[in-house]
There are 2 protein chains.
Amino acid sequence: MKKPPCCPPAEPTPPVPTDEAEANERLAQLAKALGHPARVAILRMLVREQGCIVGDITRELPFAQSTVSQHLKQLKDAGLIRGDVDGPRVCYCVEPGVVALFKALVGTL
Amino acid sequence: MKKPPCCPPAEPTPPVPTDEAEANERLAQLAKALGHPARVAILRMLVREQGCIVGDITRELPFAQSTVSQHLKQLKDAGLIRGDVDGPRVCYCVEPGVVALFKALVGTL
DNA sequence: AGCGTTTATCGTCGATAGGCGATGGGTGCG
DNA sequence: CGCACCCATCGCCTATCGACGATAAACGCT
């Protein structure tokens, strides 16, 4: 049985910045991270299943492994996902709080 | 009194695409358009006031007029805003339906 | 120790983004 | 008609993106 010990400790939702310029900055950063169809697809996949091995994601997408890895890096840099090492593999999963923050920021438009 | 005849004929909200790949594509396109703080600021400004002259926007932002014009073009290409000519000026305003579509798409994450 | 598997990183390449100043086309006014 | 104003576009430059193959690092297993 290969249940990766990945997602459990969910972080709390970060607060929406009070300063408008700061909010714009954060919103732009998150929006940019989702500014590519492959990254949207990856995020959706991580939400649907919870926690995915890179290999599984690569098999779902029409891109090379290295390309997928770079998209994952961008999502991780934006804080939208997290990657936990599970032996030789890495289990990626959504950071629900940050997704919620994104939705909240979009809601302020 | 300088009331530009800009925003009145609001377009209806486009439907959320049923095909997931198509939805991802559209969401990525809209997210990319908002993937820069200046563009977020512009959109917010157009929502706050309704309808803005390019000159006013340029005065608000720390960028050259040509740079602002390019950001406006990207927002327009994504469908988020519209630009109506008002004599020598151009009045930009929000396309509320598309903003609503964006919110709806983000809501599906 | 060595091997296969898995993933991240590197190097490269063309394309795109993002900034600016300068130019040019409309428009209204004198 | 000419002038001033407003804006879009062009050309240029640098930096980043997006894709790939190749390589390297970490791990489990035998």
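Report follows, based on the coordinates.

What counts and how
- Residues numbered from 1 in each chain as written.
- Chains lettered and ligands numbered in written order.
- Predicted model: local features only at pLDDT ≥ 70, side-chain atom pairs only at ≥ 80, totals over all residues.
- Heavy atoms only, no water.
- Least-squares fit on C-alpha atoms with pLDDT ≥ 70 in both.
- Helix = DSSP H or I, 4+ residues; strand = E, 2+ residues; numbered from the N terminus.
- Expected span 1.5 Å × (residues − 1).
- Buried < 20%, exposed > 50% of the residue type's maximum accessible area, 1.4 Å probe, protein only.
- Contact = heavy atoms within 4.5 Å.
- Core = buried A, V, L, I, M, F, W, Y, C linked by side-chain atoms within 4.5 Å.
- Near = heavy atom within 4 Å.
- Polar contact = N/O pair within 3.5 Å; in protein donor to acceptor, adjacent residues only side chain to side chain.
- Nonpolar A, V, L, I, M, F, W, Y, C, P; charged D, E, K, R; others polar.
- Pairing = 2+ DSSP bridges.
- Axes fitted to C-alpha atoms, helices over the stretch in contact; angles between N-to-C directions.
- 1 Å grid on protein atoms, 1.4 Å probe; cavity = no way out; pocket = protein on both sides within 12 Å on 5 of 7 lines; lining within 4 Å.
- Points joined across faces, edges and corners; volume = space filled by probe spheres on them.

## Observations concerning the relation of the copies chain B and chain A
Phase 1: Structural alignment of chain B on chain A gives an RMSD of 0.0 Å, achieved by rotating through 180° and translating 0.0 Å along the axis. Given the turn and translation reported, the copies of this chain are related as if by a two-fold rotation axis. The rotation axis passes nearest to the C-alpha of A31 of chain B in chain B, at a distance of 2.3 Å.

## Looking at helix 5 (residues 96-107) of chain B
Phase 1: Compared with the 16 Å implied by 1.5 Å per residue over 12 residues, the 16 Å span of helix 5 of chain B between its first and last C-alpha is a close match.
Phase 2: For helix 5 of chain B, the complete set of buried residues consists of G97, V98, V99, L101, F102, L105 and V106 of chain B.
Phase 3: If you follow the buried residues of helix 5 of chain B, they end up packed against helix 5 (96-107) of chain A together with helix 1 (20-33) and strand 3 (89-94) of chain B.

## Remarks on the nonpolar core
Phase 1: With 64 residues, the main nonpolar core has L80 and F102 of chain A together with L80 and F102 of chain B as its most contacted residues.
Phase 2: Discounting residues that sit within four places of it in the chain, F102 of chain B has contacts with F102, V106 and L109 of chain A together with L27, L30, A31 and L34 of chain B.

## A word on the protein's contact with DNA strand D
Phase 1: Close to DNA strand D lie 21 residues, the nearest being H71 of chain A together with I53, G55, S69 and Y92 of chain B.
Phase 2: Restricting attention to atoms of DNA strand D within 4 Å of the protein, one finds that 67% of them are sugar or phosphate atoms.
Phase 3: Separating a base nitrogen of DNA strand D from a side-chain N or O atom of Q70 of chain A is a distance of 3.4 Å.
Phase 4: Within the side chain of Q74 of chain A, a nitrogen or oxygen atom sits 3.3 Å from a phosphate oxygen of DNA strand D.
Phase 5: Among the elements of the structure, helix 4 (65-77) of chain A together with helix 3 (54-60), helix 4 (65-77) and strand 3 of chain B are those that each provide at least two residues to the surface near DNA strand D.
Phase 6: Counting residues per element, the surface near DNA strand D draws most heavily on helix 4 of chain A, at five residues.
Phase 7: Each residue belonging to the surface near DNA strand D can be placed in one class, and the counts come to seven nonpolar, 11 polar and three charged.

## Examining the protein's contact with DNA strand C
Phase 1: Near DNA strand C there are 22 residues, and of these I53, S69 and Y92 of chain A together with T67 and H71 of chain B occur at the shortest range.
Phase 2: Close to the protein, within 4 Å, the atoms of DNA strand C belong to sugar or phosphate groups at a rate of 65%.
Phase 3: One nitrogen or oxygen atom from the side chain of Q65 of chain A is found 2.9 Å from a base nitrogen belonging to DNA strand C.
Phase 4: Contacts to DNA strand C include S69 of chain A, whose side-chain N or O atom sits 2.8 Å from a phosphate oxygen.
Phase 5: When residues of the surface near DNA strand C are traced back to their parent elements, those giving at least two are helix 3 (54-60), helix 4 and strand 3 (89-94) of chain A together with helix 4 of chain B.
Phase 6: Its residues assigned to classes, the surface near DNA strand C shows eight nonpolar, 11 polar and three charged.

## As for the sheet that holds strand 1 (residues 52-53) of chain A
Residue and element names in this part refer to chain A.
Phase 1: Taken together, three strands build an open sheet; the order of strands is 1-3-2 and the sheet is antiparallel. Of all the strands in the sheet, the pair left with one neighbour each is strand 1 and strand 2 (81-86).
Phase 2: Across the sheet, helix 4 touches strand 2 and strand 3, and the angle it forms with strand 2 is around 120°.

## Things to note about the layout of surface pockets
Phase 1: Within this model, the largest pocket holds a volume of roughly 210 Å³.
Phase 2: In terms of lining residues, the largest pocket is bounded by 15 residues, among which P37, A38, A41 and L61 of chain A together with N24 of chain B are the most central.
Phase 3: Of all elements in the fold, only helix 2 (37-48) of chain A together with helix 1 of chain B reach the threshold of two or more residues within the lining of the largest pocket.
Phase 4: At six residues, helix 2 of chain A tops the list of elements feeding residues into the lining of the largest pocket.
Phase 5: Class assignment for the residues of the lining of the largest pocket results in nine nonpolar, two polar and four charged.

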